[in-house]
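# Notes for the structure review
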Amino acid sequence: MNFWQRLGALDRRIIYTVVGLAVALPLLLKIIMPIRVSEPVLNAYKTIDELPAGSVVMISIDYDAASEPELQPMLIAVLRHCFKKDLKVILTGHWALGLPLGEMALNKVAAEYNKKYGVDYVNLGYRPGYSALMVGIGREIRDFFATDYRGVPLDSFPFMRTVHNYNQIAVLVGFEAGATGDAWVQFAGARFGQKIILGATGVVAPDLYPYLQARQICGLISGLQGAAEYETLVKSIGTATLGMPTQSILHGLIILFIIIGNISYFITRRRKK
Amino acid sequence: MIVNIIGTWIAAGLTIAILSFLYKDNPLYKFAEHLYVGVSAGFGVIYVWAFDLKPMLIDRFIENQGVERWILLVPAVLGLLMLSRWFGKIGYLSRLPLAFTVGIGAGLGITASIQGFLLPQIQATLLPLTTINNIILVVGVITTILYFYFSRDFKGPFKYLLELGIIFIMVSFGASFGYTVMARISLLIGRIFFLLSDWLRII
């Protein structure tokens, strides 16, 4: 067995070990790389940045723990931006397992900016059946959320008294790990003209680009890279920014593996012939 | 504080148990996998009860009066009929709520797809061919649609249009796959970051 044949038959666990080291080492060395902000993320940032203080932003948590590494830094960065601009935040979610993640981020960032529950933000909680809910909010939000997640009536919160439907929501930001983003665009965006920004996992993001091109959404934050870009814009280094050097190194390593794998395959095939 | 520490250790243990599958399938991995499925299902049941059944049905039935109260029996009965699938002889009754759900889904979905996807996307493709990007977009859309036109066998010069369509489709698959790789790496980074920072506290 020659070198290339041996390389082709390499135990996959050796590759896993190399990948593990390539992830851990840059994190341990705390390498930081410059991050270039892309246009879709810049547009998302600008949309929120241009809102006057007191405007209402609805945030939808449409992911769960499986997508937390990508979407949680994004959510934290957007919340920091909202609270820095004195915007009012309404949190809701269509993924039952994701709502605690949203609540954790909301409580953490609200404490950083001394924001008070009920005055600066509310958490509406979860309701199943998102299509009907998205259409229903266009009529009256209280038909679906008469109370917040703790059962407190919405009208007992000062800023919620004037919020009835999409007309009072300046921007809707959906963090998407599935098809709920499409529903927001098709129900809230197309039917009610709601301004929408979507933050999505890398897997979902390519499907959302057509909405961006058609101007159906104002901005798109894609994957860990998008989260790192937003962190750069709000000037707060978080896990996304720290993870990007690892991401770049690992991409290089994967490309190298693909090239070596192909060379090994072609040389082995030629020798067999 | 102590709860957080215990939580972190449990999360770290389960992360390592799941990652141990990379070496080979083992009982620790199976335990973590089953635990995840069980906890997710339990969580879902609690959420549906706490955020849907109780506030939307039970509490409203107690609080409301007149028609608004009794109309709630309709979704309640439909919901109960869904459970009839468990009982062989009356299982057919579950078709009623299913038909209701499918009807609503189709009604909402069809209008949303046309109003919110098809028409805006067609509109966004009607572009002046004045820039390279616009030309690529329009040519890409036309050749991709042609590729899925199966009613006629394309020969001669039209064949090249189909081949161009395949190239656009492949580029799209490549972009999706690249994004997927990035996403999976991000998940690994997230878990390793958690182990190194929250658990071991070395970064």
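Attention in this report is confined to the structure presented alongside it. (Residues numbered from 1 in each chain as written. Chains lettered and ligands numbered in written order. Predicted model: local features only at pLDDT ≥ 70, side-chain atom pairs only at ≥ 80, totals over all residues. Heavy atoms only, no water.)

## Comments concerning the overall build of chain B
- Across its full length, chain B holds seven helices and zero strands.
- From first element to last, N terminus to C terminus, chain B shows the α and β order α-α-α-α-α-α-α.
- A globule of 203 residues ought to have a C-alpha radius of gyration of about 17 Å, yet chain B, at 27 Å, is considerably larger.
- For the C-alpha atoms alone, the extent of chain B along its principal axes is close to 70 × 60 × 35 Å.
- Counting the 203 residues in chain B, one finds 24% classified as buried.
- When contacts within chain B are restricted to residue pairs at least 6 apart in sequence, long-range pairs at least 24 apart make up 23% of them.
- Roughly 14,200 Å² of accessible area belongs to chain B as shown, and the carbon and sulfur atoms make up 75% of that amount. (Helix = DSSP H or I, 4+ residues; strand = E, 2+ residues; numbered from the N terminus. Rg over C-alpha atoms; globule rule 2.2 N^0.38 Å. Buried < 20%, exposed > 50% of the residue type's maximum accessible area, 1.4 Å probe, protein only. Contact = heavy atoms within 4.5 Å. Areas by Shrake-Rupley, 256 points an atom, 1.4 Å probe, with all protein chains shown as cover.)

## Re the nonpolar core
Residues and elements named next belong to chain A.
- By size, the foremost hydrophobic cluster in this structure holds 59 residues, and its most contacted members are Ile59, Val78, Leu79, Val173 and Tyr230.
- The element that contributes the greatest number of residues to this core is helix α4 (residues 68-84), accounting for nine residues.
- Among the domains, domain 1 (39-236) and domain 2 (242-273) are the pair contributing at least three residues each to this core.
- When sequence neighbours within four positions are dropped, the list of residues in contact with Tyr230 reads Val41, Ala44, Tyr45, Ile48, Ala77, Val78, His81 and Ile221. (Core = buried A, V, L, I, M, F, W, Y, C linked by side-chain atoms within 4.5 Å. Domains from an automatic or database assignment.)

## Considering helix α2 (residues 27-63) of chain B
- With 37 residues, α2(B) extends 50 Å between its outermost C-alpha atoms, agreeing within 8% with the 54 Å of an ideal straight helix rising 1.5 Å per residue.
- The sharpest bend along α2(B) reaches about 50 degrees and sits at B:Lys54, with the proline B:Pro55 one to four residues further on.
- Buried residues of α2(B): B:Tyr29, B:Ala32, B:Ser40, B:Tyr47, B:Phe51, B:Pro55 and B:Met56, and no others.
- Structurally, α2(B) contributes buried residues whose contacts are with α5 (99-112) and β3 (121-126) of chain A together with α1 (2-19) of chain B.
- For α2(B), the N-terminal capping position is held by B:Asn26, with its side-chain oxygen 3.0 Å away from the main-chain nitrogen of B:Leu28. (Expected span 1.5 Å × (residues − 1). Bend = angle between axes of the 7 residues up to and from the residue. Polar contact = N/O pair within 3.5 Å; in protein donor to acceptor, adjacent residues only side chain to side chain.)

## Structural notes on the packing of helix α8 (residues 205-213) of chain A against helix α5 (residues 95-125) of chain B
- Taken N-terminus to C-terminus, the directions of α8(A) and α5(B) make an angle of 60 degrees; their axes are 9 Å apart at the nearest point. In terms of axis orientation, α8(A) runs oblique to α5(B). Taken as a pair, α8(A) and α5(B) cross one another with a handedness that is left-handed. Judged by residue contacts, A:Pro210, A:Tyr211 and A:Gln213 of α8(A) engage B:Gly116, B:Phe117, B:Gln121 and B:Ala124 from α5(B).
- Here the residues of the contact of α8(A) with α5(B) sort into four nonpolar, three polar and no charged. (Axes fitted to C-alpha atoms, helices over the stretch in contact; angles between N-to-C directions. Parallel < 35°, antiparallel > 145°, perpendicular 65-115°, else oblique. Left-handed = near helix turned anticlockwise from the far one by under 90°. Nonpolar A, V, L, I, M, F, W, Y, C, P; charged D, E, K, R; others polar.)

## Examining the layout of surface pockets
- There is about 1,900 Å³ of room inside the second largest pocket.
- Around the second largest pocket sit 50 residues that line it, and A:Tyr209, A:Pro210, A:Gln213, B:Gln121 and B:Leu137 are the ones nearest its centre.
- Breaking the lining of the second largest pocket down by element, the ones donating at least two residues are α3 (39-49), α7 (180-192) and α8 of chain A together with α5, α6 (132-147) and α7 (157-199) of chain B.
- The biggest single contributor to the lining of the second largest pocket is α6(B), with ten residues. (1 Å grid on protein atoms, 1.4 Å probe; cavity = no way out; pocket = protein on both sides within 12 Å on 5 of 7 lines; lining within 4 Å. Points joined across faces, edges and corners; volume = space filled by probe spheres on them.)

## What about the interface of chain A and chain B?
- Across the boundary between the two partners, chain A contributes 58 residues, which contact 41 residues of chain B.
- Carbon and sulfur atoms make up 70% of the surface buried where chain A meets chain B, a total of about 4,100 Å² over both sides.
- On inspection of chain A and its partner chain B, the count reaches zero salt bridges.
- Run the count over chain A and chain B and you get nine residue pairs in polar contact (both at pLDDT 80 or more). (Buried area = accessible area lost by both parts, 1.4 Å probe. Salt bridge = Lys/Arg side-chain N within 4 Å of Asp/Glu carboxyl O.)

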